[in-house]
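Residues per chain, in single letters:
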Amino acid sequence: MITQTDAWRALETDAEVLKLTHTRALFHEDPMRFERFSLEAAGIFLDFSKNKFTQKTLKNLIMLAASADLEDARERMFIGEKINVTEDRAVLHTALRDFSNRALEVGGEDISISVRAEREKMRVFSQSLISGETKGFTGAPLDTVVNIGIGGSDLGPQMVVEALRPYWLKGRRCFFVTNVDGQHLADTLTQLDPERTLFIIASKTFTTQETMTNAASAREWFLNRGGSEADIAKHFVALSTNAPAVEAFGIDRENMFVFWDWVGGRYSLWSAIGLSIALQVGFNNFEKLLRGAYDMDEHFRTAPLGENMPALLALIGVWNRNFMDCGVHAILPYDQHLNRFPAYLQQADMESSGKSRTIEGAMAPCATGPVVFGEPGTNGQHAFYQLMHQGTDVMSADFIAPALSQTPLGDHHEKLLANFLAQTEALMCGKSEQDVREELTDEGRTPQEIDRLASHKVFPGDRPTNSILMEKLTPESLGALIALYEHKIFCQGVIWGINSFDQWGVELGKVLAKAVLLELAAIGEAKPAICAHDASTNGLINWINQIRRQKGG
Ligand code: G6Q
């Protein structure tokens, strides 16, 4: 058990000592702290010096990683061992962006061949569509794409398409419909011309209720607006691992882009699930995204743990979560185009690390994944940063920014970066009562006023942050950034001893929803009172059913 290792115990001792120390003091003690605790890889620069730890802590964290056999686990992932044991699957999203020409055998087959073939199919398709060679049922170009998918079949591509806005091809539009709430599809459809729209039905399983419902309604809309059954082939494609279900829906095998069970939903943007990306920014940029991720993969795979960015980010995360009591981790991109990045990472992290059982099925001996949330800077500064600076709970945070803007405008970017830097400085350094009192005295406040205000204006500081920088947000740097977090999540899972690649916790709600669906009244329908659930659920169903009956009558 990881908590029984020497490394864990040593870290507990470190934590006891460090809890009595301010991070500011650690900077005073070590003039080389920044140089020591920052590094660059695959175009990404990471400064983790503003976390509260010492060189000794880092040594112990690396010892902890060794106790968890992290390097061995890393190799087992890359070579395609079935490390997702509860689903009996390999975890090989890295194979989707492996440009090394290494063969990779899974089940006796070199999967790199099918990966390349499918990517080539995506290239040919996207180029033909973008050039206007592939046309809709009236001969119009298909310049609008609607990706219908949810969870892993939405969050990744949607985040990337938004992040790469400066790379959007002229005249092309891309929408994402996720929610089973019909308003999402209906609101989107009002903006579409059926003659120019390609629907991408993105679903690994092709059974997901939300996606199948939206896909069926989109098809109906298309058929009611001039399209015929025969035209479906021109306007609907599927991204899936489930060929029979795709065919049953009425999409030809030719119009299906496949991926494989060894690609987890939340790790699938690199596969055919990235088709919407390729169609919006061009296939070359999609491939650059993959290449950026590949660079980070190579770094992760080969660098020793002490110089390994994903491993270090993970170890600092473990330190903050398990030894510094940070139960919440904020993702704060200072780049408006990364506005979907926190939502994307929320799934990647919380679905992967939100487990309380170890791989062996025992209770996890320590806290695992933190709550992850975030908003782009500077917006969050005017919202929840108050709690970050002065709340009773300490949270950790990642600040992310490009040094150069893709869309420079006056001095906006300098102001953006100044805020980024000022916030991380403020969170770490804080402001002492003595400084506050001096400031208030300089303002000419009376001693009574100073006594009344001083404590409210104190900032404790000592709030841990990572700063993650890149030159510009490009397809390559975005790819590297995403891969950095994927591997960070993996490393943390190895240390905590959990399976980062299953998601059983999403099942129960899905099953219960099927039962409840049968109990909900149609508009105007009188349903007998429901009493099959707990009193609260019964009461809520009956309340809704009453309204629905009355409104129909
Ligand atoms: C991700 C999860 C989950 C999944 C969605 C959509 O890792 O498995 O978010 O991506 O439930 O599933 P389908 O792609 O099968 O529709």
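Each value, and the rule that gives it
- Residues numbered from 1 in each chain as written.
- Predicted model: local features only at pLDDT ≥ 70, side-chain atom pairs only at ≥ 80, totals over all residues.
- Heavy atoms only, no water.
- Near = heavy atom within 4 Å.
- Polar contact = N/O pair within 3.5 Å; in protein donor to acceptor, adjacent residues only side chain to side chain.
- Areas by Shrake-Rupley, 256 points an atom, 1.4 Å probe, with all protein chains shown as cover.
- 1 Å grid on protein atoms, 1.4 Å probe; cavity = no way out; pocket = protein on both sides within 12 Å on 5 of 7 lines; lining within 4 Å.
- Points joined across faces, edges and corners; volume = space filled by probe spheres on them.
- Helix = DSSP H or I, 4+ residues; strand = E, 2+ residues; numbered from the N terminus.
- Nonpolar A, V, L, I, M, F, W, Y, C, P; charged D, E, K, R; others polar.
- Pairing = 2+ DSSP bridges.
- Axes fitted to C-alpha atoms, helices over the stretch in contact; angles between N-to-C directions.
- Contact = heavy atoms within 4.5 Å.
- Phe/Tyr/Trp six-rings, centres within 6.5 Å; stacked < 30°, edge-to-face > 60°.
- Buried < 20%, exposed > 50% of the residue type's maximum accessible area, 1.4 Å probe, protein only.
- Lys NZ or Arg CZ within 6 Å of the ring centre and 35° of its normal.

S.K.: Could you give me a rundown of the site of the ligand, with the residues and numbers involved?
M.R.: Neighbouring the ligand are 13 residues, the closest being Ser153, Ser203, Thr205, Thr208 and Gln347. Within the contact set of the ligand, an oxygen atom lies 2.7 Å away from a backbone nitrogen or oxygen of Lys204. Within the side chain of Arg266, one N or O atom sits 2.7 Å away from an oxygen atom of the ligand. Taking 400 Å² as the accessible area of the ligand by itself, protein coverage stands at 87%.

S.K.: How would you explain the layout of surface pockets if you had to name every residue and give the values?
M.R.: Considering only enclosed or pocket space, the largest pocket measures out at about 1,100 Å³ in volume. For the largest pocket, the lining is made up of 44 residues, of which Thr205, Thr208, Val506, Glu507 and Lys510 are closest to its centre. Elements supplying a minimum of two residues to the lining of the largest pocket: α9 (209–223), α15 (341–353) and α21 (507–519). Broken down by element, the lining of the largest pocket gets its largest block of residues, 6 residues, from α21. Class assignment for the residues of the lining of the largest pocket results in 15 nonpolar, 19 polar and 10 charged. Around the second largest pocket sit 29 residues that line it, and Ala68, Ile359, Glu360, Val494 and Gly497 are the ones nearest its centre.

S.K.: Give me the lowdown on the sheet that holds strand β12 (residues 396–402), citing residues and values where you can.
M.R.: Strand order in this open sheet of 6 strands is β1-β2-β13-β12-β10-β11, and the pairing throughout is mixed. With one partner strand each, in any of the chains shown, β1 (38–41) and β11 (371–374) form the two edges of the open sheet. Geometrically, the sheet is characterised by an average inter-axis angle of 20° between neighbouring strands, direction not taken into account. Sheet topology places strand β10 (residues 328–333) next to β12; 5 bridges connect them, and they run parallel. When the sheet's bridge partners are listed, Leu332 is paired in β12 with Phe399. The sheet strands contacting α15 are β10, β11 and β12, and the helix crosses β11 at an angle near 170°. Running over the sheet, helix α17 (residues 412–429) touches β12 and β13 (465–470) and is turned about 160° from β12.

S.K.: Describe in detail the side chain of His389, supporting the description with residues and values.
M.R.: With respect to the secondary-structure elements, His389 resides in helix α16 (residues 385–390). When sequence neighbours within four positions are dropped, the list of residues in contact with His389 reads Gln423, Ala426, Leu427, Phe459, Pro460 and Arg463.

S.K.: An account of the packing of aromatic side chains is requested, with residue identities and associated values reported.
M.R.: This structure, assessed with the given rule, holds 27 aromatic pairs. Taking 5.4 Å as the distance between ring centres and 85° as the angle between the ring planes, the aromatic pair formed by Phe137 and Phe222 counts as edge-to-face. A residue pair is termed long-range when its members are at least 10 positions apart, and Phe137 in the loop between α6 (111–131) and β5 (144–148) and Phe222 in helix α9 qualify at 85 residues. Note on Phe222: relative accessible area 0%, which makes it buried. Site record: aromatic cluster; members linked through ring pairs are Tyr334, Phe373, Phe384, Tyr385, Phe399 and Phe420. Looking at Arg33, its charged tip hangs above the ring of Phe27, at a distance of 5.2 Å from the centre. The ring of Phe53 has Arg33 sitting right over it, with the charged end atom 5.0 Å from the ring centre.

S.K.: Describe the side chain of Asn545, listing the residues and the values that go with them.
M.R.: Relative to the assigned elements, Asn545 resides in helix α22 (residues 535–552). Among the residues examined, Asn545 registers a relative accessible area of 5% and is labelled buried.

S.K.: Help me get a handle on the environment of Gly493, residues and values and all.
M.R.: With respect to the element layout, Gly493 can be found in helix α20 (residues 475–496). Judged by its relative accessible area of 2%, Gly493 is buried. Each C-alpha atom, one on Gly493 and one on Leu185, is 36 Å from the other, the two residues being 308 residues apart in sequence.

S.K.: I'd love a proper account of the environment of Met1, names of residues and values included.
M.R.: As for its placement among the helices and strands, Met1 is situated in the segment before α1 (6–18). For the pair formed by Met1 and Trp496, sequence separation is 495 residues and the distance between their alpha carbons is 9.1 Å.

S.K.: I'd like a rundown of the sheet that holds strand β9 (residues 256–258), residues and numbers included.
M.R.: Read from one edge to the other, the open sheet built from 5 strands follows the order β6-β5-β7-β8-β9, with strand pairing classed as parallel. The strands lining the two open edges of the sheet, one partner per strand, are β6 (173–177) and β9. Each strand axis lies, on average, 20° off the axis of its neighbour in the sheet, ignoring direction. The sheet strands contacting α6 are β7 (197–202), β8 (236–240) and β9, and the helix crosses β9 at an angle near 145°. Taken strand by strand, α9 contacts β5, β6, β7 and β8, and its axis lies near 160° from that of β7.

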